[in-house]
Amino acid sequence: MTPIGQLAAPGGSSAPKGLTRRQKAAIVVRLLSAEGVKVPLTDLSDDQQTSLTQEIAQLRLVDRDTLHQVVEEFCAELEAVGLAFPGGIDGALSLLDGQLSASAATRLRRLASGTSRADPWERLAGLSVDMLAPVLEEESTEVGAVVLSKLSVGKAAELLSKLPGDKARRIAYAVSLTGNVSPETVHRIGQALAAQLDAQPARAFDTGPVERVGAILNYSAAATRDAVLKGLEEDDQVFADQVKKAIFTFANIPARLDPRDIPKILRSVDQAKLVVALAGATGALEKSAEFILSNISQRMAQSLREEMENLGKVKEKDAEEAMGLVVTAIREMEAAGEIFLVAEEEE
């Protein structure tokens, strides 16, 4: 069978040289596959994927001249394209990620719900564990098993650790029963979970009330902080206890810092301010100053002690400001992942 300027069709019959666009697309896909290029056909609708596959199944041989004509036409169309858009709401949201308000993005996702061809698991995999955990606690064990199976191993393990023990055990066992779950079912579960998350109202704040109050009190004067905590204890003891755990002050240094991190932290603090902070640490705060001096080289500790003696008595306001700079350095290093605070033990 040697077609010349023709396509050899099934059964030995030949198709006319004028090809349809679907046949040309089939030729291009076949050529790219022969070169080892995987075309992302999943971006097409199911009907388009079916039609393309049928065209590929029907074609047999294409002569070299026809192949060159198809490729030249394909390249010419590509070169004529000036700007390409992603297509669909999902592509548009991905393109504008970080540029839309949370409320607008949520509204658009709701409008696209049920009509989107994109894989919902790509979006779910990008969500934080803190967002997924509450949803998983409310879902059935079977749905939880599917979620764990679709996430990366690391994220699945982190998510499992956030769940109550009994729920985590049942979901982990249910993973062993997901072997026969169909892709359509997994896709529907993903769509349902994505729609459920999209239905939640947008949060005005990135952090919870405990974290916000704790952060504010971290930078407040000691007198103000003590007065606010006393008032919180009278109004809501549980909330007050949570805020206390979120607060990190100069007094918390011995209990919350790894001794090996002290030299690293001090390199981020101006030495003159450090001397003021150490010299002004009296009473209960003296323990923090000694903790710092005990976990640096003896030579440096001796030098700091001499500077503290020469400084004499420090004003309370100056001491508090200097201690605040030390705490700020610790907080910034923790946020950057350079150090980790030790969790306080429950009483």
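Scoring rules and cut-offs
- Residues numbered from 1 in each chain as written.
- Predicted model: local features only at pLDDT ≥ 70, side-chain atom pairs only at ≥ 80, totals over all residues.
- Heavy atoms only, no water.
- Helix = DSSP H or I, 4+ residues; strand = E, 2+ residues; numbered from the N terminus.
- Buried < 20%, exposed > 50% of the residue type's maximum accessible area, 1.4 Å probe, protein only.
- Contact = heavy atoms within 4.5 Å.
- Areas by Shrake-Rupley, 256 points an atom, 1.4 Å probe, with all protein chains shown as cover.
- Core = buried A, V, L, I, M, F, W, Y, C linked by side-chain atoms within 4.5 Å.
- pLDDT = per-residue confidence, 0-100.
- Axes fitted to C-alpha atoms, helices over the stretch in contact; angles between N-to-C directions.
- Parallel < 35°, antiparallel > 145°, perpendicular 65-115°, else oblique.
- Left-handed = near helix turned anticlockwise from the far one by under 90°.
- Nonpolar A, V, L, I, M, F, W, Y, C, P; charged D, E, K, R; others polar.
- Salt bridge = Lys/Arg side-chain N within 4 Å of Asp/Glu carboxyl O.

1. Some remarks on the overall build of the chain
1) Next: Counting secondary structure elements, the chain contains 20 helices and 3 strands.
2) Next: Residue burial in the chain is summarised as follows: out of 347 residues, 32% are buried.
3) Next: Counting only contacts in the chain whose residues sit at least 6 apart along the sequence, the fraction spanning at least 24 positions is 76%.
4) Next: Carbon together with sulfur atoms contributes 53% to the accessible area of the chain, which is approximately 22400 Å² in total.

2. A look at the nonpolar core
1) Next: In terms of nonpolar packing, the biggest core is built from 34 residues, with Phe250, Ile253, Leu257, Leu278, Val326 and Ile330 touching the most fellow members.
2) Next: Mapped by element, the contributors of at least two residues to this core are helix H16 (262–266), helix H17 (271–279), helix H18 (286–294), helix H19 (298–311) and helix H20 (316–335).
3) Next: Top element by residues in this core is H20. It accounts for 8 residues.
4) Next: Residues Leu127, Val129, Val135 and Ala156 belong to the second largest nonpolar core, which totals 22 residues.

3. A word on the confidence of the model for the chain
1) Next: Taken residue by residue, the chain gives an average pLDDT of 82. The fraction at 70 or more is 84%.
2) Next: Ignoring residues within four places in sequence, the model shows residues 1–16, a span with pLDDT below 50, making 36 contacts including any to other chains.

4. Concerning the packing of H17 against H20
1) Next: Axis separation between H17 and H20 bottoms out at 8 Å; the angle between their running directions is 120°. On the basis of the axis angle, H17 is oblique to H20. Our pair here, H17 against H20, has a crossing hand that is left-handed. Residues Lys273, Leu274, Val276 and Ala277 of H17 form the contact with H20, whose own contacting residues are Asp318, Ala319, Glu321, Ala322, Met323, Leu325 and Val326.
2) Next: The residue makeup of the contact of H17 with H20, split by class, is 8 nonpolar, no polar and 3 charged.

5. Regarding the pattern of salt bridges
Where charged atoms of side chains with opposite charge meet at close range, the side chains can pair.
1) Next: One pass over the structure, following the stated rule, counts 10 salt bridges.
2) Next: Note that Glu77 and Arg21 form a salt bridge whose closest N and O atoms lie 3.6 Å from each other. Linking Glu77 in helix H3 (residues 64–80) with Arg21 in helix H1 (residues 21–34), this pair joins segments that are 56 residues apart in sequence.
3) Next: When the shortest N-O distance is used, the salt bridge between Arg169 and Asp166 registers 3.9 Å. Taken together, the residues span about one helical turn, with Arg169 and Asp166 both in helix H10 (residues 165–174) at a distance of 3 residues.
4) Next: When its relative accessible area of 57% is taken as the criterion, Arg169 is described as exposed.
5) Next: Judged by its relative accessible area of 42%, Asp166 falls in the partly exposed class.
6) Next: Through salt bridges with shared partners, a single network forms among Asp166, Arg169 and Arg170.

6. Brief notes about the environment of Val129
1) Next: Position of Val129 among the secondary structure elements: in helix H7 (residues 129–138).
2) Next: Overall, the relative accessible area of 6% leaves Val129 in the buried class.
3) Next: Along the chain, Val129 and Lys155 lie 26 residues apart, while their C-alpha atoms are 7.3 Å from each other.
4) Next: Contacts of Val129, omitting those with residues within four sequence positions, involve Lys155, Glu158, Leu159 and Lys162.

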